[in-house]
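The lines below spell out each chain.
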Amino acid sequence: MTVDVWWARIDQARDEFAADLDEVERERLAAYTQPEARARFLLGCTMVRRLLAARFSLPAASIRLDRTCPRCGKPHGKVRTDGVELSVTHAGDLVGVAIGDRPVGIDVEKVDPHLDIAGLAQVALTPEEIHELSGVDGREKVHAFLTYWTRREAAVKATGEGLPAKPRKITAGIQLEDLDVDPDHVAALAVVSAEPPVVRTFRFGSDPRR
Ligand SMILES: [Zn+2]
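Here's a quick rundown of the structure. (Residues numbered from 1 in each chain as written. Predicted model: local features only at pLDDT ≥ 70, side-chain atom pairs only at ≥ 80, totals over all residues. Heavy atoms only, no water.)

**Some remarks on the pattern of salt bridges**
And then number 1: Per the counting criterion, the structure on display carries 14 salt bridges.
And then number 2: Across the pair D107 and K157 runs a salt bridge, and its minimum N-O distance is 3.9 Å. Taken as a pair, D107 in strand β4 (residues 104-110) and K157 in helix α5 (residues 138-159) lie far apart in primary sequence, 50 residues in all.
And then number 3: Residue classification places D107 among the buried residues on the basis of a relative accessible area of 4%.
And then number 4: Residue classification places K157 among the partly exposed residues on the basis of a relative accessible area of 22%. (Salt bridge = Lys/Arg side-chain N within 4 Å of Asp/Glu carboxyl O. Helix = DSSP H or I, 4+ residues; strand = E, 2+ residues; numbered from the N terminus. Buried < 20%, exposed > 50% of the residue type's maximum accessible area, 1.4 Å probe, protein only.)

Set out below in structure tokens:
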């Protein structure tokens, strides 16, 4: 079982990409006031559309995407389409998309040295993980915290469950992979599968067909 992961940097975003977006996506794009958040959203939509267009031999604008939230019905849920499983993540300078045949979840976070690890760890980590964190300091501690955090976020995205009220161990049947991106970001991939996936990584835009 193979999962393909594509990464792009926000400076790859171009205003003309908006031409391929549907009405719901354009409405959301227009609501962004922060340029970097806008670029991340635009790039995420464009990557999904172009990657699926290449996969299904269809024009990018014709790809039908469903983001209906299972809880409230608004279009801010996990992106879905027929015939393939996918997940999108953006943080800092990066946007990532994972595509596979089994439910997938991908999460990236920017390494922020000023992150309130102590406070976040209490609500987001298991006692074992908090214990592990006590052995490291500084940037290494932030990195270690984000490794746990992105694994959990990726698992939540893969299973489609909401964030658990209390931290708990990742359930069986979910494969977790830490993804190497760059020194400023931490990322993880989760796949609902009995077997570990073969992860293929691509730079979005390096292949002219994508
Ligand atoms: Zn909702």
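**What to know about the coordination of the zinc ion**
And then number 1: Each protein donor to the zinc ion is listed here as C69 (SG), C72 (SG) and H76 (NE2); together their distances run 2.1 to 2.3 Å.
And then number 2: Of note, the donors binding the zinc ion are all from one chain and are spaced C-x2-C-x3-H.
And then number 3: Classification of C69 as buried rests on a relative accessible area of 10%.
And then number 4: Residue H76 is classed as partly exposed on the basis of its relative accessible area of 45%. (Donors = N, O, S within 2.8 Å, 3.2 Å for Na, K, Ca; no water.)

**Examining unusual backbone geometry**
And then number 1: One non-glycine residue, S57, lies in the positive phi region at around 50°.
And then number 2: Structurally, S57 is set in the loop between α2 (35-56) and β2 (85-91).
And then number 3: The exposed category is assigned to S57, whose relative accessible area is 65%.

**Considerations on the packing of helix α1 (residues 23-31) against α2**
The packing of two helices is summarised by the inter-axis angle and the distance between the axes.
And then number 1: One way to put it is that α1 packs onto α2 with a least axis distance of 9 Å and a crossing angle of 160°. One finds that α1 runs roughly antiparallel with respect to α2. Classified by chirality, the crossing of α2 by α1 is left-handed. Between α1 and α2, the contacting residues are E25, R28 and L29 on the first element and R38, F41, L42, C45 and R49 on the second.
And then number 2: Here the residues of the contact of α1 with α2 sort into four nonpolar, no polar and four charged. (Axes fitted to C-alpha atoms, helices over the stretch in contact; angles between N-to-C directions. Parallel < 35°, antiparallel > 145°, perpendicular 65-115°, else oblique. Left-handed = near helix turned anticlockwise from the far one by under 90°. Contact = heavy atoms within 4.5 Å. Nonpolar A, V, L, I, M, F, W, Y, C, P; charged D, E, K, R; others polar.)

**Structural notes on the sheet that holds strand β1 (residues 2-9)**
And then number 1: A sheet is described by the order of its strands in space; here four strands give the open sequence β2-β3-β1-β7, paired in mixed fashion. Only two strands of the sheet have a single partner each, and these edge strands are β2 and β7 (198-203). When the angles between neighbouring strand axes are averaged without regard to direction, this sheet yields 20°.
And then number 2: As paired strands, β1 and strand β3 (residues 94-100) are joined by seven bridges and run antiparallel to one another. (Pairing = 2+ DSSP bridges.)

**Comments concerning the environment of S62**
And then number 1: Assignment of secondary structure puts S62 in the loop between α2 and β2.
And then number 2: S62 sits in the partly exposed class, given a relative accessible area of 38%.
And then number 3: Remark: the alpha-carbon pair of S62 and G135, spanning 73 residues in sequence, is separated by 51 Å.
And then number 4: A polar contact of 2.8 Å, which involves the side chain of S62, links it to the backbone oxygen of P59. (Polar contact = N/O pair within 3.5 Å; in protein donor to acceptor, adjacent residues only side chain to side chain.)

**Let's talk about the sheet that holds strand β5 (residues 174-179)**
And then number 1: Read from one edge of the open sheet, three strands run β4-β6-β5, paired in antiparallel fashion. Each edge of the open sheet carries a strand with a single partner, namely β4 and β5. Strand-to-strand twist in this sheet, taken as the mean axis angle between neighbours without regard to direction, amounts to 15°.
And then number 2: The pairing of β5 with strand β6 (residues 185-192) spans six bridges and is antiparallel. Each bridged residue has a counterpart across the sheet, and for I174 the counterpart in β6 is V192.

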